[in-house]
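Descriptive structure summary
What follows is each chain in one-letter form.
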Amino acid sequence: MLVLGIESSCDETSAAVVSGGRRILSNVIASQVDLHALYGGVVPEIASRKHMEAIMPVIDQALGEAKATLEDIEGIAATRGPGLVGSILVGLSTAKAIAFAKNLPFVGVNHIAGHIAAAFLVEEPPAFPFAALVVSGGHTNIYVVEDFGRINLVGQTRDDAAGEAFDKAAKMLDLGYPGGVVIDELAARGDPQKIKFPRPMKDSFDFSFSGLKTALLNYLKTREQPITDDEMSDISASFQQAIVDVLVEKTVRAAEAASVSTIVVSGGVAANRRLRHCFQAACEEKGIELHVPPPVLCTDNAAMIAAYGSMLLEKGVRHGYDIKALSRWPLGLMDL
Ligand code: KG4
Ligand code: ZN
């Protein structure tokens with residue numbers, strides 16, 4: 001089945017054509033990040049307007065790169081939530097309009113389920129059951145996935161998401177937006193043990209990153225000299241390691257507690273090189289099979305929406321044109 005996927009829940013307008021839920025024929029991503037960087041974060045009104053401008057050219061490009069036309073497309077999947085409602089509406093309404101005009105089956109997809117489904121866009125996808133960490137600018141959730149449609153939340157952040165912690169730290173350090181990528185770069189040259197940052201909520205599967213942010217602020221207050229390049233690298237590496245340690249430790253422990261031997265890690269922060277390295281090392285030591293999509297499929301993209309949408313469409317799921325965009329949509333509740 002050839003499915004057109006559409007994603008517009010935050011600041012990326014994306015369209016993709018995916019065959020059989022696995023093979024990516026195109027995955028076009030138009031990022032607005034440079035625009036939002038001027039404001040230090042995503043401005044919802046600007047995001048919606050930019051999605052409106054980008055959506056049709058991005059879909060045209062995705063069809064073109066896949067050497068397909070709408071006549072070849074057999075189903076349409078678009079992000080329905082969670083995210084910025086004004087942004088989601090642009091992709092969701094466009095998907096509905098195309099589905100109506102071409103009389104195609106249509107489904108609204110949960111964005112978090114999409115992040116997990118990104119791990120299936122490979123030759124050898126993970127086998128159920130597995131533990132999944134979805135870690136992005138909006139979410140830090142651990143699930144045990146028995147099957148799609150049988151997903152249990154076992155841990156989540158009580159305050160900031162890990163990506164948000166990276167972004168806020170980068171702002172404090174004057175490193176620009178989004179912070180994750182810059183800190184990832186700088187950290188590669190720094191000492192991750194140099195500064196002791198907290199690793200809270202040790203015995204829980206839940207996360208808390210707001211204390212880490214305060215610890216960074218307090219550390220910066222103790223500094224009298226301007227921060228040198230070397231010190232900036234050490235701060236980045238130590239801050240990053242504090243996040244990486246809790247993400248890896250809790251996910252591995254959740255997998256063990258659920259007696260599953262496979263872990264999937266996805267979402268924007270899963271593009272982080274140190275996180276990937278530490279997950280690899282921990283999983284090797286514990287004999288756990290690790291699946292982390294390539295970085296371009298970890299950050300927001302429409303191929304992952306097409307992947308999950310294909311699975312729904314193949315199961316015969318169809319949504320009406322009356323489904324609404326959802327700002328909040330916990331995974332596991334009516335995501336099929
Ligand atoms: O999944 P995503 O593209 O959008 C959301 O659904 O939130 O994730 C964006 C988040 C941002 O907070 C960004 O700073 C973070 O992912 N991120 C990274 C890296 N690349 C993106 N964080 C750490 N290291 C990276 N290399
Ligand atoms: Zn996302």
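These numbers were taken from a predicted model, which means no experiment stands behind them.

1. Structural notes on the coordination of the zinc ion (ligand 2)
- At the metal site, the zinc ion (ligand 2) is ligated by His111 (NE2), His115 (NE2) and Asp300 (OD), and these contacts range over 2.1 Å.
- Within one chain, the residues donating to the zinc ion (ligand 2) are spaced in sequence as H-x3-H-x184-D. Of this pair, histidine 111 and histidine 115 both sit in helix H4 (residues 111-117), four residues apart, which is roughly one turn of the helix. Assigned by exposure class, histidine 111 and histidine 115 land together as buried.

2. Structural notes on the layout of surface pockets
- Computed from the structure, the second largest pocket encloses a volume of approximately 190 Å³.
- Looking at the second largest pocket, it is lined by 13 residues, and the ones nearest its centre are Gly21, Arg22, Phe120, Ala307 and Met311.
- For the lining of the second largest pocket, the element with the highest residue contribution is helix H11 (residues 302-314), accounting for five residues.
- Among the residues making up the lining of the second largest pocket, the classes are represented as eight nonpolar, three polar and two charged.

3. A look at the domain arrangement of the protein
- Assigned domains of the protein: these are domain 1 (2-117 + 297-314) and domain 2 (127-292).
- Measuring from the centre of the C-alpha atoms in domain 1 to the corresponding centre in domain 2 gives 27 Å.
- At the interface, 18 residues of domain 1 touch 20 residues of domain 2.
- When domain 1 packs against domain 2, close to 1400 Å² is buried across both sides, 77% of that on carbon and sulfur atoms.
- Among the residues of domain 1 in contact with domain 2, Ile112, Ile116 and Cys298 are the three that bury the most area, contributing 44% of the side total.
- On inspection of domain 1 and its partner domain 2, the count reaches zero salt bridges.

4. Here's the deal with unusual backbone geometry
- With an omega dihedral of -10°, the bond running from glycine 81 to proline 82 counts as a cis peptide bond.
- One can find proline 82 in the loop between strand S4 (75-81) and helix H3 (85-102).
- The omega torsion across tyrosine 177 and proline 178 is -5°, close enough to zero to call that bond cis.
- Within the fold, proline 178 resides in the loop between helix H5 (162-172) and helix H6 (179-187).
- Even without a glycine there, the phi angle at lysine 67 is positive, about 55°.
- Tracing the backbone shows lysine 67 in the loop between helix H2 (44-65) and S4.
- A residue is classified by how much of its surface remains accessible, and lysine 67, at 74% relative accessible area, is exposed.
- Despite not being glycine, asparagine 103 has its phi angle at roughly 55°, a positive value.
- Structurally, asparagine 103 can be placed in the loop between H3 and strand S5 (106-110).

5. So, the nonpolar core
- Among the nonpolar cores identified, the biggest contains 44 residues, and Phe209, Ile243, Leu247, Ile263, Val265, Leu275 and Phe279 are the most heavily contacted of them.
- Within the residue set of this core, elements represented by two or more residues are strand S6 (130-135), H5, H6, helix H7 (210-222), helix H8 (229-257), strand S9 (262-266) and helix H9 (273-286).
- Considering each element in turn, this core owes the most residues, twelve residues, to H8.
- With near-sequence residues (within four places) excluded, phenylalanine 209 lies in contact with Thr140, Thr157, Asp159, Asp160, Ala161, Ala162, Ala165, Ile243, Val246 and Leu247.
- Among the nonpolar cores identified, the runner-up in size contains 35 residues, and Val3, Ala113, Ala118 and Ala119 belong to it.

Calculation notes
- Residues numbered from 1 in each chain as written.
- Chains lettered and ligands numbered in written order.
- Predicted model: local features only at pLDDT ≥ 70, side-chain atom pairs only at ≥ 80, totals over all residues.
- Heavy atoms only, no water.
- Donors = N, O, S within 2.8 Å, 3.2 Å for Na, K, Ca; no water.
- Helix = DSSP H or I, 4+ residues; strand = E, 2+ residues; numbered from the N terminus.
- Buried < 20%, exposed > 50% of the residue type's maximum accessible area, 1.4 Å probe, protein only.
- 1 Å grid on protein atoms, 1.4 Å probe; cavity = no way out; pocket = protein on both sides within 12 Å on 5 of 7 lines; lining within 4 Å.
- Points joined across faces, edges and corners; volume = space filled by probe spheres on them.
- Nonpolar A, V, L, I, M, F, W, Y, C, P; charged D, E, K, R; others polar.
- Domains from an automatic or database assignment.
- Contact = heavy atoms within 4.5 Å.
- Buried area = accessible area lost by both parts, 1.4 Å probe.
- Salt bridge = Lys/Arg side-chain N within 4 Å of Asp/Glu carboxyl O.
- Core = buried A, V, L, I, M, F, W, Y, C linked by side-chain atoms within 4.5 Å.

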